Amino acid sequence: MHIPTGTSGGPQRHWLLRLVIAFAFAQAAVSMARPAVSYRALALGADERAVGVIAGVYALLPLFAAVPLGRRTDHGRCAPLLPAGVVLIAAGCALSGTADSLTAIAAWSAVMGLGHLCFVIGAQSLVARQSAPEDQDRNFGHFTIGASLGQLIGPIGAGLVVSGQGAELARTSALALLVAAITGAVGLSSLWRVEHRAPAGPAPARSAPVPVHRILRTRGVPGGIVISLAVLSATDVLTAFLPVVGEERGISPLVVGLLLSLRAAATIACRLVITPMIRIVGRTTLLVTSCLLAGVLCAGVALPVPVWGLALMLALLGFCLGVGQPLSMTTVVQAAPPEARSTALALRLTGNRLGQVAAPAAAGLVAGVAGTAAPFVLLGVLLFASGGLALPPRGKPGPGPGR
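Residues numbered from 1 in each chain as written. Predicted model: local features only at pLDDT ≥ 70, side-chain atom pairs only at ≥ 80, totals over all residues. Heavy atoms only, no water.

### Brief notes about the overall build of the protein chain
Then comes step 1: The secondary structure content of the protein chain amounts to 15 helices and zero strands.
Then comes step 2: The burial tally for the protein chain puts 56% of its 403 residues in the buried class.
Then comes step 3: If you take every contact in the protein chain between residues at least 6 apart in sequence, the share linking residues at least 24 apart comes to 85%.
Then comes step 4: When the accessible area of the protein chain is evaluated, it comes to approximately 15,600 Å², of which 69% is carbon and sulfur surface. (Helix = DSSP H or I, 4+ residues; strand = E, 2+ residues; numbered from the N terminus. Buried < 20%, exposed > 50% of the residue type's maximum accessible area, 1.4 Å probe, protein only. Contact = heavy atoms within 4.5 Å. Areas by Shrake-Rupley, 256 points an atom, 1.4 Å probe, with all protein chains shown as cover.)

### With respect to the confidence of the model for the protein chain
Then comes step 1: In this model, the protein chain carries a mean pLDDT of 81, and residues with pLDDT of at least 70 account for 89%.
Then comes step 2: Here helix α14 (residues 341–370) stands out as the element of the protein chain with the lowest mean pLDDT, 78, in contrast to helix α4 (residues 81–98), whose mean of 93 is the highest.
Then comes step 3: A low-confidence stretch, residues 4–12 stays under pLDDT 50, and its non-local contacts, those more than four residues away or across chains, total 20 contacts.
Then comes step 4: Taken as a whole, residues 200–204 scores under 50 in pLDDT and shows zero contacts with residues more than four places along the chain or in a different chain. (pLDDT = per-residue confidence, 0-100.)

### Considering empty space enclosed by the protein
Then comes step 1: A full pass over the atoms with the stated rule returns four cavities of 30 Å³ or more.
Then comes step 2: Lining the largest cavity are 31 residues, with Q27, H116, Q151, L232 and Q325 positioned closest to its centre.
Then comes step 3: Taken together, the elements giving at least two residues each to the lining of the largest cavity come down to α1 (15–43), α5 (102–130), α6 (136–161), α9 (221–249), α10 (253–272), α13 (307–335) and α14.
Then comes step 4: For the lining of the largest cavity, the per-class residue count stands at 13 nonpolar, 12 polar and six charged.
Then comes step 5: Roughly 60 Å³ of internal volume is contained in the second largest cavity.
Then comes step 6: Forming the boundary of the second largest cavity are R34, V37, S38, A41, V51, I54, A55, Y58, S109 and A240.
Then comes step 7: Counting residues per element, the ones that place at least two in the lining of the second largest cavity are α1 and α2 (48–57).
Then comes step 8: Here the lining of the second largest cavity takes four residues from α1, the largest share from any one element. (1 Å grid on protein atoms, 1.4 Å probe; cavity = no way out; pocket = protein on both sides within 12 Å on 5 of 7 lines; lining within 4 Å. Points joined across faces, edges and corners; volume = space filled by probe spheres on them. Nonpolar A, V, L, I, M, F, W, Y, C, P; charged D, E, K, R; others polar.)

### Observations concerning helix α11 (residues 274–281)
Then comes step 1: For α11, the complete set of buried residues consists of I274, M277 and I278. Buried residues of α11 fall within an arc of 100 degrees about the axis and therefore sit on the same side. Within α11, the exposed residues directed more than 90 degrees away from the buried face are R279 and I280.
Then comes step 2: For α11, the secondary structure elements touched by its buried residues are α6, α10, α12 (283–300) and α13.
Then comes step 3: Following α11 by one or two positions, G282 has its phi on the positive side, about 90 degrees. (Arc of directions from axis to C-beta.)

### Overview of the packing of α6 against α10
Then comes step 1: Viewed as axis vectors pointing N to C, α6 and α10 meet at an angle of 170 degrees, and their least axial separation amounts to 7 Å. In this view, α6 runs roughly antiparallel relative to α10, as classed from their interaxial angle. Where α6 crosses over α10, the two elements pack in a sense that is left-handed.
Then comes step 2: Counted by class, the contact of α6 with α10 contains 14 nonpolar, eight polar and two charged residues. (Axes fitted to C-alpha atoms, helices over the stretch in contact; angles between N-to-C directions. Parallel < 35°, antiparallel > 145°, perpendicular 65-115°, else oblique. Left-handed = near helix turned anticlockwise from the far one by under 90°.)

### Things to note about the pattern of salt bridges
Then comes step 1: Scanning all chains against the criterion turns up one salt bridge.
Then comes step 2: Here E168 makes a salt bridge to R171, at a shortest N to O gap of 2.8 Å. Of the two residues, E168 and R171 both sit in helix α7 (residues 167–186), three residues apart, roughly one turn of that helix. (Salt bridge = Lys/Arg side-chain N within 4 Å of Asp/Glu carboxyl O.)

### Some remarks on the packing of α4 against α5
Then comes step 1: In the contact formed by α4 and α5, the axes pass within 7 Å of each other and the chain directions differ by 160 degrees. As summarised for this structure, α4 and α5 are arranged roughly antiparallel, according to the angle between their axes. Seen from above, α4 lies across α5 with left-handed handedness.

### Some points on the nonpolar core
Then comes step 1: Judged by nonpolar contacts, the single largest core of 72 residues is most densely connected at F241, L314, L317 and L383.
Then comes step 2: With 11 residues, α9 is the largest single contributor of residues to this core.
Then comes step 3: Not counting residues up to four positions away in its chain, the partners in contact with L314 are L238, L242, L259, R263 and V301.
Then comes step 4: Membership of the second largest hydrophobic core comes to 32 residues, among which are L82, F119, V194 and V333. (Core = buried A, V, L, I, M, F, W, Y, C linked by side-chain atoms within 4.5 Å.)

### Focus: the packing of aromatic side chains
Two measures describe an aromatic ring pair: the distance that separates the ring centres and the angle between the ring planes.
Then comes step 1: A full pass over the atoms with the stated rule returns two aromatic pairs.
Then comes step 2: Summarising the aromatic geometry, the rings of F23 and F119 are spaced 5.6 Å apart at their centres and angled 25 degrees between planes, so their arrangement reads as stacked. You can see F23 sitting in helix α1 and its partner F119 sitting in helix α5, a full 96 residues away along the chain.
Then comes step 3: Its relative accessible area of 4% is what places F23 among the buried residues.
Then comes step 4: For the pair F23 and F143, a centre-to-centre distance of 4.7 Å together with 15 degrees between the ring planes defines the contact as stacked. Taken together, the residues span a long stretch of sequence, with F23 in helix α1 and F143 in helix α6 at a distance of 120 residues. Pair check on accessibility: F23 and F143 agree, each one buried.
Then comes step 5: Members of the aromatic cluster, each reached through a chain of ring pairs, are F23, F119 and F143.
Then comes step 6: If you follow R34 out to its NZ or CZ, it ends over the ring of Y58, 3.9 Å from the centre. (Phe/Tyr/Trp six-rings, centres within 6.5 Å; stacked < 30°, edge-to-face > 60°. Lys NZ or Arg CZ within 6 Å of the ring centre and 35° of its normal.)

If you want it as structure tokens, here you go:
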């Protein structure tokens, strides 16, 4: 995998590669912790509804913090948010492993979610700020490979460590959360000098913040937000509820971890070829097609298929889901006012976190009423509907292949 190294000369050359490595460790910690939290909650007596609520609380603090952090980043440096995010992720993982009540697990999951938000806002703003417009699709695609690598490694790690039932499950899930904390902390080693220094001179005049309603009314921003929300909600509920489905169908934690990692590997494969796919079919066609296919495949997870069939569907689903995140980032960045790009990305993340609060909670309620497979049908409908938002307004051509 070749990752462009940005500016020439000195340590700045490899800023994107170092950012991808740090993101991979941070995301691996979160991706290992999320199923481990679900298993720990099950060991402490949680039902499907409680698992859904705990998964939703992960996104609760970020829901309120995203826009203020984006405002701060628009008028300041991006890099300080990165180590702060890693520290919060590691603390949330470690303390979730020591929690002995569902309330405590939910609280420390929220801290973990806040750390992930800090890291992602800082990192996405850095990529937007340090990439030329014609390089943003490629650089955001490479940046999100870090997330996919973490999503590949994390569930396998959780599956290898978590085992047993009852007291044994409580012990092994706590160990998995400790390992996740250590994994996240390793990411600090790649965060040195990832942000280019501003040239010496007088500080630029600080303009008035662009109103949120103006950003949200900009054509392209709402669609990018909703598509990102749908894609992340599907990924999040899949991570939180596949362990529950596995318990119901007799699939071991190790196999569940491998299935989740297979989905992440397919997403990496997608992002490695996203630039030629855009060149061949165009951004709009790629976004619409991927959302529609992902909707059908996500609903297909509800079917009582054998493990090999589930693996095939998750591989195809992972490839389709790999399109939405990087292209929605580029769409939002290029549509937003230049002085409010970090805020626009933060609004996109607010939509993501709203989905992460509502989708798992709704999934838990639906699962409690209609069974653990039903939430995947609900998410399939959401993904299918979001595909329509990627279409350009009638009478206006969509972006060309290079857009």
